[in-house]
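Chain by chain, the residues:
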Number of protein chains: 2
Amino acid sequence: MDNQLAEKIRYNSLFDLYGSLLTEKQREYFEYYYSEDYSLSEIADLLKVSRNAVYDQIKIVLSHLEIYEKKLGLLKQKHKQNMIGEQIKALYPNDAQLDSLVEKLKKTE
Amino acid sequence: MDNQLAEKIRYNSLFDLYGSLLTEKQREYFEYYYSEDYSLSEIADLLKVSRNAVYDQIKIVLSHLEIYEKKLGLLKQKHKQNMIGEQIKALYPNDAQLDSLVEKLKKTE
């Protein structure tokens, strides 16, 4: 997986976890750029601001997401929990009930 | 359990989850009042502010904690995960390895 794609996946995961802590405007910038894959110029046209303003806003949103992760560590925690979930499933590989409980556990994250 | 105690436990749980998002000053007020059990007047004396100022600060801290829970829902999530963890353990009540993995899972929350 190339770096840019890995980074995009990471930012989307952080946004899923912390998007509710951003302002509506910040969420809008993020979604245009990372979820809908618009270019900076396209977003600038859409929102009638300069390309630089879009760039700055996105930088700010990303730094907020990183600060939240540094403070709360939910993404790191989620990775750890998924790993332990897989270890639990591996104890009884053919137990559908256990499997479904572990999956339910993952979904509540 | 009386209401006041239940409330105190809830606020302490919210503080464990979201304390890192508060300012140092806000954490200080919370800890004096909820962890160290000082009275409003004692905190006012300690911090050389009015009793009303302490009361207002604590109200603000609690409202921040409730807003974070409303937005991120980590406490609710934790309760759900603990419940599912117990259901997983109940499938194999005598499996020490499973038990220890579920406990590990809880601790990463």
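Just so it is clear, the structure is predicted and the values come from calculations on it, not from any experiment.

Reading the values: the criteria
Residues numbered from 1 in each chain as written. Chains lettered and ligands numbered in written order. Predicted model: local features only at pLDDT ≥ 70, side-chain atom pairs only at ≥ 80, totals over all residues. Heavy atoms only, no water. Salt bridge = Lys/Arg side-chain N within 4 Å of Asp/Glu carboxyl O. Helix = DSSP H or I, 4+ residues; strand = E, 2+ residues; numbered from the N terminus. Buried < 20%, exposed > 50% of the residue type's maximum accessible area, 1.4 Å probe, protein only. Contact = heavy atoms within 4.5 Å. Buried area = accessible area lost by both parts, 1.4 Å probe. Polar contact = N/O pair within 3.5 Å; in protein donor to acceptor, adjacent residues only side chain to side chain.

Quick look at the pattern of salt bridges now. Residues and elements named next belong to chain A. Applying the stated criterion across every chain yields a total of 14 salt bridges over all chains. The closest approach of N and O atoms between Glu-86 and Lys-106, which form a salt bridge, is 2.6 Å. Taken together, the residues Glu-86 in helix 5 (residues 74-91) and Lys-106 in helix 6 (residues 96-107) connect sequence positions 20 residues apart. Looking at Glu-86, the relative accessible area reads 37%, which means it is partly exposed. Linked through salt bridges whose partners overlap, the residues forming this network are Glu-86, Lys-89, Glu-103 and Lys-106.

Bringing the interface of chain A and chain B into the picture now. Each partner contributes residues to the interface: chain A has 26 residues there, and chain B has 26 residues. Taken together, both faces of the contact between chain A and chain B bury some 2,500 Å²; the carbon and sulfur share is 72%. Our count for the chain A to chain B interface comes out at 0 salt bridges. Applying the counting rule to chain A against chain B returns 8 residue pairs in polar contact (both at pLDDT 80 or more). Elements with a contribution of two residues or more to the side of chain A that touches chain B: helix 1 (3-18), helix 4 (51-72), helix 5 and helix 6 of chain A. It is helix 5 of chain A that provides the largest number of residues to the side of chain A that touches chain B, a total of 9 residues.

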